[in-house]
Amino acid sequence: MDWIDTSPSLACLDAPARAALAPLVPGEVPKGTVLFRPGDAVQGFVLMLDGRIEVFLTGANGRELLLYAVEPGQTCVQTTLGLLGEATYSGEAITTAPCRLVLVPRPIFLKLMENSPGFRSLVFAAMAVRMEEVIRLMERVSFQSVESRLAGWLVARAEAGRVQATHAEIAVQIGSAREVVSRRLDAFARRGWVRTERGAVELRDAPALARLAATEAL
């Protein structure tokens, strides 16, 4: 079956757009692959079919912040902006799961943006959602305390009462520093809310964590 027909997000495409994309062949990308770094030129528009890509910003002090993740049906706003404005990447993208994706070369992307209302709507709708998510991230990092962000993230990511992640990984996810996350987790442990171990956090009082997260919800 054609890869376009198996992608619900592409159902809006018109026949000419489908014909332009049909010759493109999906590629397999292993977990842990760096797709782009700051300063790299944008090569094309990525259509995600399977997997997950995480896009980070790195500060001058070396601290990382997770901007957003790209999953099937979603797009990378940095790529879109780079193709439309001919800007280079400012972040870094890494596959955090094996990925299957299609790279739409710049000439085809620009032609579809000009001639295909369906493709144009797909790109701008996805871009609007992504920009709103980035704004919400900025609001959380600016106005929500580390404790609240940490509590909410733990509750959202827990599976069977556990979160498999190091303190450094959690810090990247919530936009903080590893040392800060470690101190906050120690405080949560003293309250009896969590139990920490190497590479994992066990939630012992998820309702308490949820209440803390809700007190500063935006």
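In this text the structure is predicted, and so the values were computed from the model without any measurement.

Procedures and definitions
- Residues numbered from 1 in each chain as written.
- Predicted model: local features only at pLDDT ≥ 70, side-chain atom pairs only at ≥ 80, totals over all residues.
- Heavy atoms only, no water.
- Helix = DSSP H or I, 4+ residues; strand = E, 2+ residues; numbered from the N terminus.
- Buried < 20%, exposed > 50% of the residue type's maximum accessible area, 1.4 Å probe, protein only.
- Contact = heavy atoms within 4.5 Å.
- Areas by Shrake-Rupley, 256 points an atom, 1.4 Å probe, with all protein chains shown as cover.
- Lys, Arg positive; Asp, Glu negative; His and termini not counted.
- Charge placed at Lys NZ, Arg CZ, Asp CG, Glu CD.
- Phe/Tyr/Trp six-rings, centres within 6.5 Å; stacked < 30°, edge-to-face > 60°.

Colleague: Pulling in residues and values, what's your account of the overall build of the chain?
Modeller: Within the chain one finds 8 helices and 10 strands. By its C-alpha atoms, the chain is 60 × 40 × 30 Å across when sized along the principal axes. Looking at the 218 residues of the chain, the share that counts as buried comes to 41%. When contacts within the chain are restricted to residue pairs at least 6 apart in sequence, those whose partners lie at least 24 apart make up 68%. If you sum the accessible surface of the chain, you get close to 11300 Å²; carbon and sulfur atoms cover 56% of it. Positive and negative side-chain charges in the chain, numbering 24 and 24 respectively, have mean positions lying 6 Å apart.

Colleague: Tell me about the packing of aromatic side chains, residues and numbers included.
Modeller: Inspection of the entire model under this criterion finds 5 aromatic pairs. Their ring planes at 75° and their centres at 5.8 Å tell us that F109 and F119 sit as a pair that is edge-to-face. Pair noted here: F109 is in helix α3 (residues 106-115) and F119 is in helix α4 (residues 117-143), with a separation of 10 residues, a long-range link. What makes F119 buried here is its relative accessible area of 0%. In this structure an aromatic cluster arises from ring pairing among F45, F109 and F119.

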